[in-house]
Amino acid sequence: MANSNTPLHHEIHVAEDLALPSKRAAVYKIVQSVKDDLTSVEERLGEIVAGTTTSTGSDGKVVEDLAKTLQQLQATLGDTAEYLPAFEQRLLQTRIFNANRVLSDRRSQANASQGFSFRRAPKTGKLSKTSLVGSDLPDAVLATSKTVSSNSGLSIDQGDTIGMQNCSGVEKKFERSVLRGKDVVLSSLVDCKIFLEGTASTLNLKNLKGCLVIAGPIRTSVFMTGCRDCTVAVACQQLRIHDSENLRCYVHLTSGGIVEDTKNCAFAPYTVSYPGLDCDFVEANLRAETNDNWQHIEDFNYVVSNKRSPNWTVIPEEERKAFGDTSF
């Protein structure tokens, strides 16, 4: 097992390695390095969850170090994706996704132990319908929340997690200074328009219906669960969509996206533009150069080789839209 006091640093230089005479050997070297570092991350996460870590410093500092390592591993995997077999990509993407989910849950638990605060969502837009009742925030967060009336849309603002839940017909802009380095949760929203101007760490979209979500670069992953009839524009390392339908996604991905138990999902390149976007790409450690990963989508429910899943498609060029801070 890796020494939990030893910081992880992923130092593979992809372009140089792939220039070696034996491309196969170079790719193997890179993939093996990713696997080794990923195993070390998983072991250290297991120690934190089990409470057996021997690392010096706080769990929070260790979690942030692991998050940075996962970001580096995701970037390297994206650089080498075209040289890897599909099954190898899927396996590594799933492991990185699961590790990021554990990190996100750990942050939520840490926030809950410190107490969770709620604020009424500002009425920046007209509330046209009754808000939803219920919530899909992590159990650790809900355990410390107070009961509120069903028509009081809530803003989430505590520690490393911000967002909104239980709102209908609201327009909301999250400023760069508020987003920086935070996990964003948008849960149980109907007919809302949300603009994230700046860089967040992760983005969780849960049970959205008829919503428009425009986001600047996300440092790690975007998770969508239970979303219906929504349009999303986002740049990130990895996108995973589960149990959703009728989506239009404008995405910039370091590695390909994943859909599962999802149907009628259409993809197009990222078309968001606003002042400072280039700087946000740099801060998020994402490459702004256009790539075609937006159409490299893995469907975990469709395993036919060399044939695209019928559960997702490409948005025709004439139907594509552009987004920015004037889209509201």
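These figures come from a predicted structure and were not determined experimentally.

Draft legend 1. Region of the structure containing the overall build of the chain. Tallying secondary structure elements over the chain gives 7 helices and 18 strands in all. Burial analysis of the chain (328 residues in total) assigns 50% to the buried set. Look at the contacts in the chain between residues 6 or more apart in sequence, and 50% of them connect residues 24 or more apart. Of the roughly 15,200 Å² that the chain leaves accessible, carbon and sulfur atoms contribute 49%.

Draft legend 2. Highlighting the state of the cysteines. Applying the stated criterion across every chain, the model contains 0 disulfides. Free of any disulfide, Cys-192 has its nearest neighbouring cysteine sulfur in Cys-211, separated by 4.8 Å.

Draft legend 3. Representation of the nonpolar core. Within the largest apolar cluster, 39 residues are counted, with the highest numbers of intra-cluster contacts made by Leu-186, Leu-203 and Phe-267. Once residues within four sequence positions are removed from consideration, Leu-203 is found in contact with Val-184, Leu-186, Leu-196, Ala-215, Ile-218, Ser-221, Val-222, Phe-223 and Val-234. Core analysis: the second largest hydrophobic core is formed by 18 residues, Val-27, Leu-38, Leu-73 and Leu-103 among them.

Draft legend 4. Structural context of the environment of Ala-322. Following the sequence through the fold, Ala-322 ends up in the loop between strand S17 (312–314) and strand S18 (323–324). When its relative accessible area of 65% is taken as the criterion, Ala-322 is described as exposed. Taking the C-alpha atoms as reference points, Ala-322 and Pro-269, 53 residues apart in sequence, are found 10.0 Å from one another.

Draft legend 5. Region of the structure containing the pattern of salt bridges. Applying the stated criterion across every chain, the model contains 10 salt bridges. The partner of Arg-95 in a salt bridge is Glu-42, and the shortest N-O contact between them spans 2.8 Å. With Arg-95 in helix H4 (residues 86–113) and Glu-42 in helix H2 (residues 23–50), this residue pair connects regions lying 53 residues apart in the sequence. The partly exposed category is assigned to Glu-42, whose relative accessible area is 30%.

Draft legend 6. Layout of the packing of aromatic side chains. A complete count under the given rule lists 4 aromatic pairs for this structure. Consider the rings of Phe-195 and Tyr-274, whose centres lie 5.7 Å apart with planes at 80 degrees: the pair is edge-to-face. Of this pair, Phe-195 sits in strand S6 (residues 193–196) while Tyr-274 sits in the loop between strand S15 (272–273) and helix H7 (277–283), and the two are 79 residues apart along the sequence. Here the two residues Phe-195 and Tyr-274 agree in accessibility, since each one is buried.

Draft legend 7. Broad picture of the confidence of the model for the chain. Per-chain confidence: the chain averages 76 in pLDDT, with 70% of residues scoring 70 or above. Mean pLDDT across the elements of the chain ranges from a minimum in helix H5 (residues 139–142), with 32, to a maximum in strand S10 (residues 228–236), with 97. Every residue in residues 1–13 scores below 50 in pLDDT, and together they form 31 contacts with partners more than four places removed in sequence or on other chains. Across residues 114–152 the pLDDT falls below 50, and counting only partners more than four positions away or on other chains, this stretch makes 80 contacts in the model.

The rules behind each value
- Residues numbered from 1 in each chain as written.
- Predicted model: local features only at pLDDT ≥ 70, side-chain atom pairs only at ≥ 80, totals over all residues.
- Heavy atoms only, no water.
- Helix = DSSP H or I, 4+ residues; strand = E, 2+ residues; numbered from the N terminus.
- Buried < 20%, exposed > 50% of the residue type's maximum accessible area, 1.4 Å probe, protein only.
- Contact = heavy atoms within 4.5 Å.
- Areas by Shrake-Rupley, 256 points an atom, 1.4 Å probe, with all protein chains shown as cover.
- Disulfide = S-S within 2.5 Å.
- Core = buried A, V, L, I, M, F, W, Y, C linked by side-chain atoms within 4.5 Å.
- Salt bridge = Lys/Arg side-chain N within 4 Å of Asp/Glu carboxyl O.
- Phe/Tyr/Trp six-rings, centres within 6.5 Å; stacked < 30°, edge-to-face > 60°.
- pLDDT = per-residue confidence, 0-100.

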